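# Structural overview
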Amino acid sequence: MQDQTQPEKDALSAYFFQIADAAQKESQDSSPSLFPIIRQVMDAAAQVLASVALTCESPEPDCAGGCSFCCHSRIHVTPLEAVLISTYIQDCFSADDQYHLKTRIRDNLGHTRGQSLAQRVAIKDKTPCIFLDHHACMVYDQRPFICRTWNSLDRRACETAFVSGDHEAEIPCLSAPNYVYTLARDVVQDVCTRLHLETGRVELVSAMDQCLKLTDAADTFTKGVTIFDSGKLLLPPV
Ligand code: SF4
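Computed from a prediction, not measured in an experiment: that's the story for all the values here.

On to the overall build of the chain, then. What the chain contains, in helices and strands, is 10 helices and 4 strands. Taken from N to C terminus, the helices and strands of the chain fall in the order α-α-β-α-α-α-β-β-α-α-α-β-α-α. Relative to its 238 residues, the chain shows a buried fraction of 29%. Considering only intrachain contacts with a sequence separation of at least 6, the fraction spanning at least 24 residues in the chain is 75%.

Here it is in structure tokens:
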């Protein structure tokens, strides 16, 4: 039996493809870049969610500035997201901030490389996301799709799960951000496949380590070179 949400899903995917195609055409007309594609699809997803919030009586997430429990998880991103973030770092971070970031990457990998999920969870208060600074995201406007899906209807549940180390705790949340941003990310991945660019999933810290060793990750990626050996940059299973 066909999933009842399939037509809605297909229409939303088609909309995101339309945005991506228009962004691609526009960027070819000016300076060729893949970044307008991902940025405009991210913006379109945010607008879809804003209109859903206006039309549905859904509760407000309990997320607020200064709360960063969810930013202590290790995450996977797509190669294009990793390249987008690393380009932002190289263009916008001061030399000092880049130095500190590289130190955080090295420390983080030193603590976590080869560790199981249980071992990583046990030290997660010592291994916040490399981009977390005073409970704020240093790459907020470029943050990956996965971070955009996160929301919580109960901040205390996040705190309890964080303090107890229960990584399977049920956090009440809105499902729409997960649905919409995951679909948007899949569309961007499909566009990359169509353009013969690297796709897949890579662990964020290892991906940043790899990208920041390159002089121009964006140029290398755009040429279709495989930057990440995706299979090797995934976190080990539990
Ligand atoms: S990239 Fe930003 S939003 Fe995502 S986990 Fe890291 S600090 Fe949090």
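Moving on: unusual backbone geometry. For H135, which is not glycine, the phi dihedral falls at a positive 65 degrees. Classification of H135 by C-beta neighbours within 10 Å gives exposed; the count is 12. Of note in the backbone geometry, H196 takes a positive phi value of approximately 60 degrees without being a glycine. Considering the arrangement of structural elements, one finds H196 in the loop between helix 8 (176-194) and strand 4 (202-203).

With that out of the way, let us pick up the site of the ligand. For the ligand, the full set of nearby residues is C71, I75, C129, F131, L132, C137, V139, R143 and C147. Here the shell around the ligand is composed, by residue class, of 8 nonpolar, no polar and 1 charged.

Attention shifts here to helix 9 (residues 204-211). Burial analysis of helix 9 places 6 of its 8 residues in the buried class, the great majority of the element. Buried residues of helix 9: L204, V205, S206, A207, M208 and C211, and no others. Next to the buried residues of helix 9 lie strand 1 (76-77), helix 3 (79-92), helix 4 (95-112), strand 4 and helix 10 (217-222).

The next point concerns helix 2 (residues 35-55). When the terminal C-alpha atoms of helix 2 are compared, their 30 Å separation across 21 residues agrees well with the 30 Å that a helix rising 1.5 Å per residue should span. Within helix 2 the residues assigned to the buried category are P36, I37, I38, V41, M42, A44, A45 and V48.

Below, the discussion takes up the packing of helix 3 against helix 9. Each packed pair of helices is defined by two parameters, the angle between the axes and the distance between the axes. The N-to-C vectors of helix 3 and helix 9 enclose an angle of 55 degrees; their axes lie 10 Å apart at closest approach. Put simply, helix 3 runs oblique to helix 9. In this structure, helix 3 meets helix 9 at a crossing whose hand is right-handed. Judged by residue contacts, A82, V83 and S86 of helix 3 engage A207, M208 and C211 from helix 9.

Moving on, we get to the nonpolar core. Ranked by size, the top nonpolar core spans 43 residues in total, and within it A20, V41, A184 and V188 carry the most contacts. Of all elements in the fold, only helix 1 (6-29), helix 2, helix 3, helix 8, helix 9 and helix 10 reach the threshold of two or more residues within this core. Contacts of A184, omitting those with residues within four sequence positions, involve F16, V41, M42, A45 and F145.

All right, on to the environment of Q98 then. Within the secondary structure, Q98 is located in helix 4. Measuring from C-alpha to C-alpha, the distance between Q98 and L212 comes to 9.3 Å, with 114 residues separating the pair along the chain. Apart from the residues lying within four places of it in its own chain, the contact partners of Q98 are I89 and F93.

A few words now on the confidence of the model for the chain. Per-residue confidence for the chain averages 89 on the pLDDT scale, and 93% of its residues sit at or above 70. Least confident of the elements in the chain is helix 5 (residues 117-122), whose mean pLDDT is 82; most confident is helix 6 (residues 145-149), at 97.

Rules of the game
- Residues numbered from 1 in each chain as written.
- Predicted model: local features only at pLDDT ≥ 70, side-chain atom pairs only at ≥ 80, totals over all residues.
- Helix = DSSP H or I, 4+ residues; strand = E, 2+ residues; numbered from the N terminus.
- Buried ≥ 20, exposed ≤ 12 C-beta atoms within 10 Å, placed from the backbone.
- Contact = placed C-beta atoms within 7 Å.
- Near = placed C-beta within 6 Å.
- Nonpolar A, V, L, I, M, F, W, Y, C, P; charged D, E, K, R; others polar.
- Expected span 1.5 Å × (residues − 1).
- Axes fitted to C-alpha atoms, helices over the stretch in contact; angles between N-to-C directions.
- Parallel < 35°, antiparallel > 145°, perpendicular 65-115°, else oblique.
- Left-handed = near helix turned anticlockwise from the far one by under 90°.
- Core = buried A, V, L, I, M, F, W, Y, C linked by C-beta atoms within 7 Å.
- pLDDT = per-residue confidence, 0-100.

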